[in-house]
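# Geometric and topological summary
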Amino acid sequence: MDTNQTDANLLDVKHLRLFDLLYSTHSVTRCSELLGQCQPTVSIWLSKLRKELDDPLFIRTADGMQATPRADELIVSVRAALDALRQLTVPEPAFDPAQSHRHFRICMTDASHITLLPQLLAHVRALAPGTTLEAAHIDEKSAEALQSGEADLAIGLVPWLESGFYQQTLFPQDWVCLVNPRHPRIGETLGPPAYQKEGHIEIVSGTGSGLLKAALEQHHIRRKIVLALPGFLGLATVVASTDLVATLPRHIGETLAQINGLRVFTCPVAIPGFTVKQHWHARFHNDAGNLWLRGVCASLFMDRKVRGAATKDKMP
């Protein structure tokens, strides 16, 4: 079948509306009023309809314009087509968090499980008790998951999410060091010499880890790594029970220090900072639920300085 020829023969929407109204009102005059057209124009439209459908469709009688058997057969399809077209122009329903049972999946680091997830979960449960949250890993599959809708957001340092993705800055990060409050050699300050002499815990996963390693190499600083961990699970317990130093982003560092009674020092080496952002795919930029979730994250986590700069969502 030649689809181009078929499409060329599609009925005009205004002709479909005339068909529907004439079937209901039985009056060309009344149709003219409802369509806001003069009666000769409506008569021309009806003539075109009859030619396109190869049937008189409506016959003038003492009781008005009465449908032919062919028109009786077509009215269901005509009204279905009009309903389908109207659905295309109906705005997406607003997201009602109080009534929603939506499942949201957010890609985030294990640091965010500690620093962001508890507050986000409490907020969502209070506003949208019927919704559920799922925390997924940030990895090479995150881009595909966001594009397909399998995931809703990715929060963190995710520089490879570029074309087709929006991003919004939440807060900046610099680097701190955690030490045991009873450390035998580190007193009130932690300078570069002591930093290099002490043993260290290394977090081997995450984009931030790569930034830290690159900066230390640039400064020609070689740490004595005593323990390597895949993430932040168990890090605070190790620091609290040893004389090892852990270098990590400030947000997770201060959170762990507060919970576990650890000491926090600004990293004595100039490590470039970075920004934590939330990312989403352009396909879901106008999705009501996704928009609500992004707004919640921005209200909870956006830094005051960032908020004051009035940053807009942007697509790289």
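Reading the values: the criteria
- Residues numbered from 1 in each chain as written.
- Predicted model: local features only at pLDDT ≥ 70, side-chain atom pairs only at ≥ 80, totals over all residues.
- Heavy atoms only, no water.
- Helix = DSSP H or I, 4+ residues; strand = E, 2+ residues; numbered from the N terminus.
- Buried < 20%, exposed > 50% of the residue type's maximum accessible area, 1.4 Å probe, protein only.
- Contact = heavy atoms within 4.5 Å.
- Lys, Arg positive; Asp, Glu negative; His and termini not counted.
- Charge placed at Lys NZ, Arg CZ, Asp CG, Glu CD.
- Expected span 1.5 Å × (residues − 1).
- Arc of directions from axis to C-beta.

### So, the overall build of the protein
Per the secondary structure count, the protein includes 14 helices and 12 strands. Structurally, the protein occupies a C-alpha span of about 105 × 40 × 35 Å along its principal axes. Looking at the protein residue by residue over its 316 residues, the buried ones come to 41%. In the protein, the share of contacts with a sequence separation of at least 24, taken over all contacts with a separation of at least 6, comes to 76%. Considering the protein, the positive charge centre built from 31 side chains and the negative charge centre built from 32 side chains are found 8 Å apart.

### A short note on helix H10 (residues 207–218)
Counted at 1.5 Å a residue, the expected span for H10 with its 12 residues is 16 Å, and the 17 Å between its end C-alpha atoms agrees. Three or more residues of H10 are buried, namely Gly208, Ser209, Leu212, Ala215 and Leu216. Considered in projection along H10, the buried side chains sweep an arc of 130 degrees and stay on one side of the axis. H10 presents Glu217 and Gln218 as exposed residues on the side facing more than 90 degrees away from its buried surface. Those residues of H10 that are buried are in contact with strand S7 (175–179), helix H9 (192–197), strand S8 (199–203) and strand S10 (245–249). Histidine 220, located one to two residues past H10, shows a positive phi value of around 60 degrees.

### As for helix H3 (residues 28–35)
The set of residues buried in H3 consists of Val28, Cys31, Ser32 and Leu35. Each buried residue of H3 sits inside an arc of 105 degrees when the element is viewed along its axis, so together they form one side. Where H3 is buried, its residues meet helix H2 (13–25), helix H4 (39–53) and strand S2 (64–67). Downstream of H3 by a residue or two, glycine 36 has a phi angle that is positive, lying close to 70 degrees.

None of the figures reported here should be taken as evidence of function without further support.
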